[in-house]
Number of protein chains: 2
Amino acid sequence: MAILPPGVSAESFEAAIREFRGAIGNDWVFTSDDDLYSYRDHFSYIKDQPNELIPSAAVGPDSTEQVQAIVRTANKYKIPLYAISTGKNFAYGGPSPNVRGSVTVDLKRMNRILECDDTRNFALVEPGVSYIDLYRHIQDNNLNVWVDTPDPGWGSLIGNSMDHGIGYTMGFYRDHFGAHTGMEVVLPNGEVMRTGMGALPGSDSWQEYKHGYGPDPAGLFGQGNFGIVTKMGFRLMPAPEHWRNGLISVPKRQDLIPLVEAVNYLSDLSMTGEPWYGSPLGQLMGNTEFREAALSFNEGQMDRQAESAGLHSWQVELQFYGSEGTTLANWEYAKELVARKVPGAHFTDGESLSVPLTREQISNTTGPYPTNMRRNVTQGVPGLGIWYMTGRTDRNPNDWNETHIGLFSLIGRSGEAILKAQQDFADISRRLELPSLFPNAIQTPVNWYQFGFLMGNGFGLGADDSSPAGKIRAAEKLREVLQENAKLGYGDYRAPPMLQDDVAEQYSFNNFVLRRFNETLKDAIDPNGIISPGRAGVWPAPFRSMRGGLRG
Amino acid sequence: MAILPPGVSAESFEAAIREFRGAIGNDWVFTSDDDLYSYRDHFSYIKDQPNELIPSAAVGPDSTEQVQAIVRTANKYKIPLYAISTGKNFAYGGPSPNVRGSVTVDLKRMNRILECDDTRNFALVEPGVSYIDLYRHIQDNNLNVWVDTPDPGWGSLIGNSMDHGIGYTMGFYRDHFGAHTGMEVVLPNGEVMRTGMGALPGSDSWQEYKHGYGPDPAGLFGQGNFGIVTKMGFRLMPAPEHWRNGLISVPKRQDLIPLVEAVNYLSDLSMTGEPWYGSPLGQLMGNTEFREAALSFNEGQMDRQAESAGLHSWQVELQFYGSEGTTLANWEYAKELVARKVPGAHFTDGESLSVPLTREQISNTTGPYPTNMRRNVTQGVPGLGIWYMTGRTDRNPNDWNETHIGLFSLIGRSGEAILKAQQDFADISRRLELPSLFPNAIQTPVNWYQFGFLMGNGFGLGADDSSPAGKIRAAEKLREVLQENAKLGYGDYRAPPMLQDDVAEQYSFNNFVLRRFNETLKDAIDPNGIISPGRAGVWPAPFRSMRGGLRG
């Protein structure tokens, strides 16, 4: 299945491969089908189709200098590159590039933890460093900091932040791109640039002041294609001495509004970690009468049934980080505040644990799934438990739709916005005949980003048909969902490569001026368009005609 | 003193002025010396010199559309524009442009508070909105949020954040650019762009998720010249119910190291607002023996003299935001933590106040200057008290050197870095024969940026000679200080226009690759170079030969 980069002759490609081998060694240039197998998205909707997003080759540099050499060669032969860190974000395309035939630049050999400072509270790492790597380094060296990890801990700090990924501890640290502290980037012309105080030779404050001096282009590299990041700093949360959680529930549907206001207040004063919203009424969805009420948004009926079942309508779990005394004070204050705002609110004390946690406390599996897995990530302990939910475990390996199972759209951070979004997403789901019970009237958003709510939608696509044609239809359906969402003002925050053009279409203000602006910048610094063309819908001039080319 | 923009003929300029008048009305285009008087930097080192950075005209648009019209005209006639919000940041050049003869775009008529939400905790404002304006709006409407204000409250939220300005409440909110939530910008070609979720028409989450989708160019507009910002959102801190402060002191010079570690820890867990470091030993600087010890960094001698005077070497004041109970728990924990790390540490309870503060509490002037003024800003109350320190009050109006009184350089966020920087800056000061007693061995940094320390240096320049020639010599001396600082890895975070090229020279990594990268981007989107050419050392091609032109 040997393929070539678009517009590149076999001779040119061979010459480039020879140069890659010369620059980084024979052992680290991969061209055989066997070697390239691991650089495919095995959950892809277009797996084995002629347009599957697979690379022509892969290269594994070990240093910034080797990345520079690769970029120079790519420029010479006009070969598109696609950089991955660990390439394990299977929910978002894994290692697959935007352009079929790209050369994958696999950075996982560059896995050095260059600094990890637990008094100034930062780390400087290379792209191959995973959350698990950093966690182990911290444990081995008894350092007094935590990692803020996303669900799968095998991911790269740099890769995750580059895709605007998230975590589960205190607000500031959960925004992984926002918590970066400057980066080193190999530019499309092969030069090495450092942002922030990294631009000042010999500076001792690179990881402590990200803005540096003058215009800061760092934001262009997140979900972008302006260079290959080879080093990046991140703020680390100090290890608190104590962790505590607690559960709040409120009786009526409309109580969600004051509940969210109170939690926003606590969150924005940094008194709580990630609020985890849910509804105890999920238990009633097996009850036909209740399900009817929930699917038809019959609020009065839902409240009556909740009351007669003795259940509250909404709940939120909060985590607290600090000392035993401060976490208790914060929790007590949370109770006081919510009680003041919501009559009938109920409070359940959770766990109260000294840090460092014991191994037994970390692996404690009591409590309903996914409480325990979730508890680990709120405690800065990376793992792979999430694959219980979306991975291929003991299920049918053809259950291809276990990943890419849905979309996450931004909604307003209020109870009103949640109640409206439920109806909006349910309407779209019904109109487009999606198979799932969700979205419905008890769905809640995630509050990963401290100041934003992300609400799932487009669930269960294609669950009825996992044939190749069914997968393609499912992908088209997802595109329709994205379009319908955008009409109502909902936009997605990330997507696998095959849907990135479609998400980019949502952001159309003033005839796509933001995208046109970014593409003007892109053309200026990458005239051959070799760095990840098409990423997040930004197409450089030489590849621009490929925009939307994956649509059916 | 009629002047013209560089390279523009009198005829072209007149034609442009006519177009400006047509677009925004006769009353809002200023060309007379009288009208332009307020657009000069009256504290400038080169006041009344032939190269003084003064505009050729000023225009006062009232809407985004009018800004667009101005930009289109400027492009047509190749006239450099320089946008100001309120133009009152007199410590950093006030309204003066980087290029003499620019047309000042004064945005202060665009002063609408478009949204101020105290449940989702943000504001969306135009450039003319000052901290005082927003504070009044919040008071008048009984909203439950605070402003995080810099020292002079008459400044613009947008203008201040565009210059990477700072405030005094909780960590996240103190970084005014970092706390932005997306912006609307008139691009150099006159188009209007919105960043973040603003790129999605009809989005309800513009102010709640700043990254938006794909590469985010927002960082290019801070200390930049890539467009004119016409709207911008900011996160607002919820009004806490209680405010409390406390003072910690530690006896010995080396105790600064564990003190900073403890405070970093508290700060990074969001348990305290801005730490305000100082040294009680300032009282001894009148004592010849102590001053000798301090100027020669004789640590043993300093410790002995401090002990015999019954004084501690260092102190830090902390603020706490929350409820009465949580602020108390945080303060008690701060005491416990520091006591554990620093033998002999001393703790003084400060004030403990319910919010909202009464008018009497706000204007309470007990306590030594500048404690009270400082207390106001830590409580989100904007004012103009800072001008006590640097303004022209009852002093000689020729004391021109009252502003631009020093530089602020980033240093590492540790006690070790402070002690080293004191010596480094003192060495430079001595070598360059600066007149001041500072920097010296009791100087402390400011912790405005949550994760960074800024240390003052270059103090007292030119205090000996306020003649025109003396001012020019003083400016040259500042340039020498900047060069010496950079050799030791210290870089500045902001500067007035006349020193911006010099600060940019500090950031020289890889032959100024960051500046070259930014200039490549600049040329791509502003081929005529009309938006603030030279700002932060970024010169567009048509003006590039002017780089460093202000140097003696």
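Residues numbered from 1 in each chain as written. Chains lettered and ligands numbered in written order. Predicted model: local features only at pLDDT ≥ 70, side-chain atom pairs only at ≥ 80, totals over all residues. Heavy atoms only, no water.

Asker: How do you make sense of the nonpolar core when you look at a structure like this?
Answerer: Nonpolar side chains in soluble globular proteins tend to be buried together. In this structure, A:Phe221 and B:Phe221 are the most contacted members of the largest nonpolar core, which totals 275 residues. Not counting residues up to four positions away in its chain, the partners in contact with B:Phe221 are A:Phe517, B:Met162, B:Met183, B:Val185, B:Leu187, B:Met193, B:Phe226, B:Gly227 and B:Val229. (Core = buried A, V, L, I, M, F, W, Y, C linked by side-chain atoms within 4.5 Å. Buried < 20%, exposed > 50% of the residue type's maximum accessible area, 1.4 Å probe, protein only. Contact = heavy atoms within 4.5 Å.)

Asker: Explain the domain arrangement of chain A here, please?
Answerer: A common way to report how large an interface is uses the accessible area buried once the components associate. Split into domains, chain A comes out as domain 1 (10-106), domain 2 (113-238), domain 3 (242-355), domain 4 (404-496) and domain 5 (504-551). Summarising the inter-unit geometry, the C-alpha centres of domain 1 of chain A and domain 3 of chain A are found 47 Å apart. (Domains from an automatic or database assignment.)

Asker: Would you explain the pairing of strand S12 (residues 242-250) of chain A in this entry?
Answerer: Residues in a regular strand point their side chains to alternate faces of the sheet. Residues and elements named next belong to chain A. Among the nine residues that make up S12, eight are buried, leaving the element largely enclosed by the rest of the structure. For S12 and strand S14 (residues 314-322), the ladder comprises nine bridges, and the chain directions are antiparallel. Opposite Ile248, over in S14, you have Val316 as the bridge partner. (Helix = DSSP H or I, 4+ residues; strand = E, 2+ residues; numbered from the N terminus. Pairing = 2+ DSSP bridges.)

Asker: Hey, could you run me through the interface of chain B and chain A in this one?
Answerer: Facing 102 residues of chain B, the contacting portion of chain A comprises 102 residues. In total, about 8200 Å² of surface goes out of reach between chain B and chain A, with carbon and sulfur atoms giving 65% of it. Contact with chain A buries area across many residues of chain B, yet B:Tyr213, B:Pro215 and B:Phe509 alone supply 11% of it, more than any other trio. Taken together, chain B and chain A are joined by five salt bridges. For the salt bridge of B:Glu241 with A:Arg340, the shortest nitrogen-to-oxygen distance reads 2.8 Å. (Buried area = accessible area lost by both parts, 1.4 Å probe. Salt bridge = Lys/Arg side-chain N within 4 Å of Asp/Glu carboxyl O.)

Asker: Help me understand helix H9 (residues 299-308) of chain A in this model?
Answerer: Residue and element names in this part refer to chain A. Within the sequence span of H9, burial applies to Gln301, Met302, Asp303, Gln305 and Ala306. Buried residues along H9 sit against helix H8 (288-295). Looking one or two residues past H9, Gly310 carries a phi angle of roughly 70°, positive in sign.

Asker: What is the right way to read the environment of A:Asp523 from this model?
Answerer: Residues and elements named next belong to chain A. In this structure, Asp523 sits in helix H17 (residues 509-525). Taking C-alpha positions, Asp523 is 5.6 Å from Pro540, a pair spaced 17 residues apart along the chain. Contact partners of Asp523, with chain neighbours within four places excluded, come to Pro540, Ala541 and Arg544.

Asker: Even after reading the chapter, I still don't get the environment of A:Glu332, so can you show me in this structure?
Answerer: Structurally, A:Glu332 can be placed in helix H10 (residues 324-341). Along the backbone, A:Glu332 and A:Ala262 are 70 residues apart, and their C-alpha atoms lie at a distance of 13 Å.

Asker: It is not clear to me how empty space enclosed by the protein should be interpreted in this structure. Could you clarify?
Answerer: To find leftover empty space, one rolls a probe the size of a water molecule over the atoms. Applying the stated criterion to the full structure yields 13 cavities of 30 Å³ or more. By volume, the largest cavity is sized at about 730 Å³. Residue lining of the largest cavity: 39 residues in total, with A:Asp175, A:Gly178, A:Lys210, B:Gly178 and B:Lys210 positioned closest to the centre. Its volume calculated, the second largest cavity comes out at about 190 Å³. Lining of the second largest cavity is provided by 21 residues; of these, A:Phe172, A:Ser270, A:Gln450, B:Phe172 and B:Ser270 occupy positions nearest its centre. Elements that contribute at least two residues to the lining of the second largest cavity include exactly helix H6 (171-174) and helix H7 (256-268) of chain A together with helix H6 (171-174) and helix H7 (256-268) of chain B. Broken down by element, the lining of the second largest cavity gets its largest block of residues, four residues, from H6(A). Looking at side-chain class alone, the lining of the second largest cavity contains eight nonpolar, ten polar and three charged residues. (1 Å grid on protein atoms, 1.4 Å probe; cavity = no way out; pocket = protein on both sides within 12 Å on 5 of 7 lines; lining within 4 Å. Points joined across faces, edges and corners; volume = space filled by probe spheres on them. Nonpolar A, V, L, I, M, F, W, Y, C, P; charged D, E, K, R; others polar.)

Asker: Sorry if this is basic, but what is going on with the environment of B:Leu482 here?
Answerer: All names here are of chain B. By the element assignment, Leu482 lies in helix H15 (residues 468-487). Along the chain, Leu482 and Gly159 lie 323 residues apart, while their C-alpha atoms are 25 Å from each other. Aside from chain neighbours lying at most four places away, what touches Leu482 is Leu407, Asp492, Asp502, Val503 and Gln506.

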